[in-house]
Amino acid sequence: MRRGLWPPNAIPCTTLSPQGRTTVTATVTDAITKAASDILANGFAVVKLSDLDASRLQNAIATANRFFARPLEEKMAHGSTDHNYGYRPFGIEYSVTPDRPDMNECFTLWSSRLDLIPQAEKISDVNDAFLAWRDSLAPLVGAILDQVANTFDGAVAPDFEKASYLQMNYCLPTPPERDLLQDRHEDGHMVTVLHANGAGLEIFATDEPMPMLPAADEIVIMPGSVLTALSGGAIPPLYHQVRNHGLDDRQSLMYFVNPEVENPLFSWTEAADGSRVDIRAHVQFAPTMFGLPPVEAL
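Residues numbered from 1 in each chain as written. Predicted model: local features only at pLDDT ≥ 70, side-chain atom pairs only at ≥ 80, totals over all residues. Heavy atoms only, no water.

**Re the overall build of the chain**
Working step 1: Within the chain, the secondary structure is distributed over 6 helices and 13 strands.
Working step 2: Counting only residues that meet the buried cut, the chain has 53% of its 298 residues in that class.
Working step 3: Considering only intrachain contacts with a sequence separation of at least 6, the fraction spanning at least 24 residues in the chain is 71%.
Working step 4: As displayed, the chain has an accessible area near 12,500 Å², and 54% of this comes from carbon and sulfur atoms. (Helix = DSSP H or I, 4+ residues; strand = E, 2+ residues; numbered from the N terminus. Buried < 20%, exposed > 50% of the residue type's maximum accessible area, 1.4 Å probe, protein only. Contact = heavy atoms within 4.5 Å. Areas by Shrake-Rupley, 256 points an atom, 1.4 Å probe, with all protein chains shown as cover.)

So, in structure tokens, the structure goes:
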């Protein structure tokens, strides 16, 4: 595990390995404890990265930018027919309604499934950079989610790496009459881990939108409705939108964290009748809100 983020004054815990839900001994520092506390108290968290992890983040963005600069026909060769893996052109994904598509094109990498991206071997630089960034994120996200889950009568966060994916949004030039690049929405995942390199993101931690621009070495962790379901409604989804500031060069890189769905997935709290709800259907079909296919058991 990477330890550059975490100072030595730490307490031991059990968390994720980069390879999967393997039990490993790790250190959880004040930064991770604070992130879990902030999610519970404030509805989101901002986490500062180590130099190593920040370098991986910026390399992933720079490498993807070179890919997006290629001709459309060349990019399309690396997208699946259902637009769920690899390159996704503008006009497919939306936040609320299909007649207002998100003003960006995308590239996605699910888990480590390079076999799902057409001709993946020809864009190994992009895939390698994304996977290195994912390997920085997965242990961090696992440690934070385990701390959040533990506050619910000692619950354990579900496995997530096989059902989670990275997505780069490459914003397109947008006329000023389109006020929002993405309309107000929640992402429908367990959490979204986001970095944006330009202004525009606005979060609704209260009733009013609040601009949120992480520093070059920071990420924002935003709960989604899957975490709401797991927590029995205790953690609300963080609604957000992206305002059009007329920027010529804006990208955002997200890690969309979904629980794995091969087995029943029960909420951490009991309903009034003492039952616990299996929320797999919510996990699987949340992406259809945005014009995308359901989450698969990869």
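**Here's the deal with unusual backbone geometry**
Working step 1: In this model, Gln119 sits at a positive phi of 50 degrees, which is unusual for a non-glycine residue.
Working step 2: Within the secondary structure, Gln119 sits in the loop between strand E5 (104-110) and helix H4 (124-150).
Working step 3: The backbone phi angle of Asp153 is positive, close to 55 degrees, even though this residue is not glycine.
Working step 4: Summarising the element assignment, Asp153 is placed in the loop between H4 and strand E6 (165-171).
Working step 5: On the accessibility criterion, Asp153 (78% relative accessible area) is exposed.

**Some points on helix H2 (residues 51-68)**
Working step 1: Across its 18 residues, H2 extends 26 Å between first and last C-alpha, which sits within 8% of the 26 Å expected from 1.5 Å per residue.
Working step 2: Of all the positions in H2, only Asp53, Ala54, Leu57, Ala60, Ile61, Thr63, Ala64, Phe67 and Phe68 are classed as buried. (Expected span 1.5 Å × (residues − 1).)

**Details of the sheet that holds strand E11 (residues 218-223)**
For sheets, the rule is that strands pair by backbone hydrogen bonds, running either parallel or antiparallel.
Working step 1: Taken in spatial order, the 7 strands of this open sheet run E3-E11-E8-E13-E6-E5-E4, and their pairing is antiparallel. The two strands at the open ends of the sheet, each matched to only one other strand, are strand E3 (45-48) and strand E4 (86-88). This sheet shows a mean twist of 25 degrees between the axes of neighbouring strands, independent of strand direction.
Working step 2: For strand E8 (residues 191-196) and strand E13 (residues 251-257), the ladder comprises 6 bridges, and the chain directions are antiparallel. If you follow Leu194 over to E13, its bridge partner there is Met254. (Pairing = 2+ DSSP bridges. Axes fitted to C-alpha atoms, helices over the stretch in contact; angles between N-to-C directions.)

**Describing the packing of aromatic side chains**
Working step 1: Throughout the structure, instances matching the rule amount to 10 aromatic pairs.
Working step 2: Look at Phe68 and Tyr170: their rings are 4.9 Å apart centre to centre, the planes differ by 20 degrees, and that puts the pair in the stacked class. One end of the pair, Phe68, is in helix H2; the other, Tyr170, is in strand E6, with 102 residues separating them in the sequence.
Working step 3: Phe68 sits in the buried class, given a relative accessible area of 3%.
Working step 4: For Tyr170, a relative accessible area of 22% translates into the label partly exposed.
Working step 5: Consider the rings of Tyr85 and Trp110, whose centres lie 6.0 Å apart with planes at 70 degrees: the pair is edge-to-face. Here Tyr85, found in the loop between helix H3 (72-76) and E4, pairs with Trp110, found in strand E5; they are 25 residues apart in sequence, far enough to count as distant. Here the two residues Tyr85 and Trp110 agree in accessibility, since each one is buried. (Phe/Tyr/Trp six-rings, centres within 6.5 Å; stacked < 30°, edge-to-face > 60°.)

**Describing the pattern of salt bridges**
Working step 1: The tally for this structure, following the rule as stated, stands at 13 salt bridges.
Working step 2: Here Asp135 ties to Arg134 by a salt bridge, and the two come within 2.9 Å at their closest N and O atoms.
Working step 3: Of the charged contacts, one joins Lys162 and Glu262 as a salt bridge, the two residues approaching to 3.3 Å between their closest N and O atoms. On the criterion of sequence distance, the pair formed by Lys162 in the loop between H4 and E6 and Glu262 in the loop between E13 and helix H6 (280-285) is long-range, its members being 100 residues apart.
Working step 4: Residue classification places Lys162 among the partly exposed residues on the basis of a relative accessible area of 37%.
Working step 5: For Glu262, a relative accessible area of 35% puts it in the partly exposed group.
Working step 6: Within the structure, one salt-bridge network assembled from shared partners comprises Arg100, Asp179 and Asp183. (Salt bridge = Lys/Arg side-chain N within 4 Å of Asp/Glu carboxyl O.)

**Focus on the sheet that holds strand E10 (residues 210-211)**
Working step 1: As summarised here, the arrangement of the 4 strands in space is E7-E12-E9-E10, forming an open sheet in which the pairing is antiparallel. Pairing within the sheet leaves two strands with one partner each, and these edge strands are strand E7 (180-185) and E10.
Working step 2: Pairing of strand E9 (residues 201-203) with E10 involves 2 bridges; the strand directions are antiparallel. Bridging from a neighbouring strand, Glu202 pairs with Pro211 of E10.

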